[in-house]
Amino acid sequence: NENVSASAQSAYFAIYNNLKDYERPLASIEMKASDCIDASALKTDESGITYILLDQSNNVCEWTFEVEESGVYNIENFYRPTADYERDITLSVTVDGKLPFDEAAQLTLPRIYKCDYQAGDYPFAKNKLGDDIRPDQTQVPEWTSVYFENPVGLYDEPYLFYLEAGSHTIRY
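Residues numbered from 1 in each chain as written. Predicted model: local features only at pLDDT ≥ 70, side-chain atom pairs only at ≥ 80, totals over all residues. Heavy atoms only, no water.

A few words on unusual backbone geometry. The residue Asp-96 is not glycine, and still its phi comes out positive at about 55°. Mapped onto the fold, Asp-96 is located in the loop between strand E7 (94-95) and strand E8 (107-109). Judged by its relative accessible area of 39%, Asp-96 is partly exposed. (Helix = DSSP H or I, 4+ residues; strand = E, 2+ residues; numbered from the N terminus. Buried < 20%, exposed > 50% of the residue type's maximum accessible area, 1.4 Å probe, protein only.)

This model, assessed by the stated rule, comprises 13 aromatic pairs. For the ring pair Tyr-51 and Trp-143, a centre distance of 6.4 Å and an interplane angle of 70° mean the geometry is edge-to-face. Of this pair, Tyr-51 sits in strand E2 (residues 50-52) while Trp-143 sits in the loop between strand E10 (137-139) and strand E11 (144-147), and the two are 92 residues apart along the sequence. The exposure class assigned to Tyr-51 is partly exposed, which follows from its relative accessible area of 23%. (Phe/Tyr/Trp six-rings, centres within 6.5 Å; stacked < 30°, edge-to-face > 60°.)

Here the focus is the nonpolar core. Residues Tyr-12, Val-93, Phe-148, Tyr-159, Ile-170 and Tyr-172 are the most contacted members of the largest nonpolar core, which totals 34 residues. Looking at this core, the elements with two or more residues in it are helix H1 (12-19), strand E3 (62-67), strand E4 (71-73), strand E6 (89-91), E8 and strand E12 (161-163). Counting residues per element, this core draws most heavily on H1, at four residues. (Core = buried A, V, L, I, M, F, W, Y, C linked by side-chain atoms within 4.5 Å.)

Turning to the sheet that holds E3, a few remarks are in order. Judged by pairing direction, the sheet is antiparallel, and its three strands sit side by side in the order E3-E13-E7 without closing on themselves. A single partner strand is all that each edge strand has here, and the edge strands are E3 and E7. Both E3 and strand E13 (residues 166-171) contribute to a ladder of six bridges, which runs antiparallel. Bridged to Phe-65 within E13 is His-168. (Pairing = 2+ DSSP bridges.)

This next bit is on the state of the cysteines. Tallying each qualifying case throughout the model produces one disulfide. Across a sulfur-sulfur distance of 1.6 Å, Cys-36 and Cys-61 are joined as a disulfide pair. You can see Cys-36 sitting in the loop between H1 and strand E1 (42-44) and its partner Cys-61 sitting in the loop between E2 and E3, a full 25 residues away along the chain. Of the two residues, Cys-36 and Cys-61, neither departs from the other in class, the shared state being buried. (Disulfide = S-S within 2.5 Å.)

The next subject is the pattern of salt bridges. Overall, the coordinates contain five salt bridges when judged by the stated rule. For Arg-80, the salt bridge goes to Glu-46, with nearest N and O atoms at 3.2 Å. With Arg-80 in the loop between strand E5 (76-79) and E6 and Glu-46 in the loop between E1 and E2, this residue pair connects regions lying 34 residues apart in the sequence. As a salt-bridge pair, Arg-171 and Glu-62 come within 3.2 Å of each other at their nearest N and O atoms. One end of the pair, Arg-171, is in strand E13; the other, Glu-62, is in strand E3, and 109 residues separate them in sequence. For Arg-171, a relative accessible area of 35% gives the class partly exposed. Residue Glu-62 is classed as partly exposed on the basis of its relative accessible area of 23%. (Salt bridge = Lys/Arg side-chain N within 4 Å of Asp/Glu carboxyl O.)

Next comes the structure, spelled out in structure tokens:
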């Protein structure tokens with residue numbers, strides 16, 4: 001559709017007002033790691049779960065899937081960040097070989113941290129000015145789920161991806 005298809009040079013805000021009113025099919029489309037076309041990125045964890053290793057070695061994964069009903073969809077990711085890298089996972093997503101909008105070139109999957117605060121650590125240690133010292137943070141490599149969304153909250157919902165009925169390819 002001309003009004004909702006983005007060119008390679010389209011910012012999300014330029015298409016959002018058209019996308020937000022489009023049909024939102026109730027059906028979900030599930031793409032499992034094991035269905036990834038590029039097997040070099042596939043790994044299996046200690047519990048037998050197949051996953052895709054997306055890291056600084058530039059692994060990619062691509063899926064082909066069928067859309068039954070045209071409309072806008074959100075992309076939810078079930079993932080587990082590894083503790084061997086300190087930055088959030090940043091990746092690009094293309095649909096049918098094209099960026100659906102500029103921001104899809106740098107989508108983020110956040111890492112999970114826990115506070116090293118222990119019961120009894122209160123009151124917190126103080127610096128030389130008398131301010132509380134924040135407890136250390138430790139990465140937690142656990143499975144979690146997030147939708148692709150604007151990292152600073154410019155929209156009150158996750159990014160919308162318009163898909164016509166038919167066959168599509170998505171690549172991370």
